[in-house]
Amino acid sequence: MSMTIGKKTAGEKMFDSFNVILLSLFGFTAVYPFIDVLVVSFSTPAAANVYGLKLWPKEFSVEAYKAVFDNRMIWVGYYNTIFRTVLGTFLNVIFTVLCAYPLAKKYLPNRNLFTLFIVFTMFFSGGLIPNYLLVKELGLLDNRMVLILPGLIAAFSMIIVRNYFMSLPEEIEESAKIDGANDFRILFSIVLPVSKPIIATIALWYAVAHWNAWFDSLLYISTPDKTVLGNVLRKIVIEGSSQFQQFESYDPNRENAVTPDIIKAATIMVATIPIICVYPFVQKYFVKGIMIGSLKG
């Protein structure tokens, strides 16, 4: 019996090999579109127009990035997106925690009813027109805060944080209350320091949502200098060649000039890379926070 422990049969080895090959192919098909855009963004027009599998630039060029960074609206979009992502994520996390903590307490009167009201908003909403009229009546049109305040608390994130708080030992808080600590002191001095996994998780969710958002800016923002990077990217990628006139380095009559497709690829990379760089810093918390926050009822 002891001789067979740890040894794999031929069938198990074949199954493992098949899994590795299948998952490798699946991973490549998921990553390749990103690689293709990256390669095109660093290619010359002649190399970018060649059909086939592109894994590296055959003719390296940074002209597209020069053209992108010469566009003033790219920097305006960056500023507004960074402002929205940093301030929005901070406020989102604070108010989500302040909402989830009391709902995690069994002694809160009607807490299940309050939770039900919040969960209800995950499935039903007022709709686009009522939301627009509400924003207008609040005086938030063409105001940067309109990109933050309407979505201050995401119901799903709040439920995950609530469940995580419910999984913490009650004895910790009880001992703090005996020592005279109030609820705010317990929350910020005891609960939050041991809740880094779930805080990092929802912070990542909120940050990615803010960074990628563009539709609310399209609806509520009319001043070009207040628009976000996602909306600038949309105009460049979707609205066509008229947007390329804003690029000082773009000259279609110049030899080896960058083409609209290359500028689109470079713009996509410029808008995508910063938020991708955030993932490694919170990855170690992500799985733990999700698992614990989703199990407690």
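Up top you'll find the structure we're talking about.
Before going further, it helps to spend a moment on the packing of aromatic side chains. The tally for this structure, following the rule as stated, stands at twelve aromatic pairs. Plain terms: the ring middles of Phe-28 and Tyr-32 are 5.6 Å apart, the flat faces sit at 35° to each other, and that makes the pair tilted. A residue pair is termed a helical-turn pair when its members lie 3 or 4 positions apart in one helix, as Phe-28 and Tyr-32 do in helix H1 (residues 10-41) at four residues. Looking at Phe-28, the relative accessible area reads 36%, which means it is partly exposed. Here Tyr-32 falls in the buried class, since its relative accessible area comes to 17%.

What follows is about a nonpolar patch on the surface. There is a patch of nonpolar side chains on the surface, built from Leu-128, Ile-129, Tyr-132, Leu-133, Trp-214, Phe-215 and Leu-218 and spanning about 660 Å² of accessible area. Those elements that place two or more of their residues in the nonpolar patch are helix H6 (128-137) and helix H11 (215-220). A total of four residues in the nonpolar patch trace back to one element, the largest contributor, which is H6. Here Leu-133 shows up in helix H6. We classify Leu-133 as partly exposed; its relative accessible area is 47%.

As for its placement among the helices and strands, Ala-47 is situated in helix H2 (residues 45-48). Note: C-alpha distance between Ala-47 and Ser-61 (14 residues apart in sequence) is 9.9 Å. Non-local contacts of Ala-47, meaning those with residues more than four positions away in its chain, are made with Lys-54 and Glu-59.

Glancing now at the nonpolar core. Formed by 28 residues in total, the largest nonpolar core has its most connected members in Val-68, Ile-74, Tyr-78, Leu-229 and Val-270. Looking at this core, the elements with two or more residues in it are helix H3 (63-69), helix H4 (72-103), helix H10 (196-212), helix H12 (229-238) and helix H13 (260-276). Here the element with the most residues in this core is H13; it accounts for eight residues. Core analysis: the next-biggest nonpolar cluster, separate from the first, contains 23 residues, Tyr-101, Met-158, Tyr-164 and Ile-202 among them.

So, on to the environment of Asp-216. Within the fold, Asp-216 resides in helix H11. For Asp-216, a relative accessible area of 17% puts it in the buried group. The spatial distance from the C-alpha of Asp-216 to the C-alpha of Leu-147 is 6.5 Å, given a sequence separation of 69 residues. Residues within four places of Asp-216 in sequence aside, it is in contact with Arg-84, Leu-147 and Ile-221.

What follows deals with the packing of H4 against helix H9 (residues 183-191). In a pair of packed helices, the angle between the axes and the distance between the axes together describe the arrangement. Viewed as axis vectors pointing N to C, H4 and H9 meet at an angle of 110°, and their least axial separation amounts to 12 Å. Comparing the axis directions of H4 and H9 gives the class roughly perpendicular. The element H4 and its partner H9 pack so that their crossing is right-handed. Here Val-97, Leu-98 and Tyr-101 of H4 come into contact with H9, specifically with Asp-183, Phe-184, Ile-186, Leu-187, Phe-188 and Val-191.

How each quantity is defined
- Residues numbered from 1 in each chain as written.
- Predicted model: local features only at pLDDT ≥ 70, side-chain atom pairs only at ≥ 80, totals over all residues.
- Heavy atoms only, no water.
- Phe/Tyr/Trp six-rings, centres within 6.5 Å; stacked < 30°, edge-to-face > 60°.
- Helix = DSSP H or I, 4+ residues; strand = E, 2+ residues; numbered from the N terminus.
- Buried < 20%, exposed > 50% of the residue type's maximum accessible area, 1.4 Å probe, protein only.
- Patch = residues over 30% accessible without salt bridge, like charges linked within 9 Å, V, L, I, M, F, W, Y side chains within 5 Å.
- Areas by Shrake-Rupley, 256 points an atom, 1.4 Å probe, with all protein chains shown as cover.
- Salt bridge = Lys/Arg side-chain N within 4 Å of Asp/Glu carboxyl O.
- Contact = heavy atoms within 4.5 Å.
- Core = buried A, V, L, I, M, F, W, Y, C linked by side-chain atoms within 4.5 Å.
- Axes fitted to C-alpha atoms, helices over the stretch in contact; angles between N-to-C directions.
- Parallel < 35°, antiparallel > 145°, perpendicular 65-115°, else oblique.
- Left-handed = near helix turned anticlockwise from the far one by under 90°.

In short, geometric facts, not functional conclusions.
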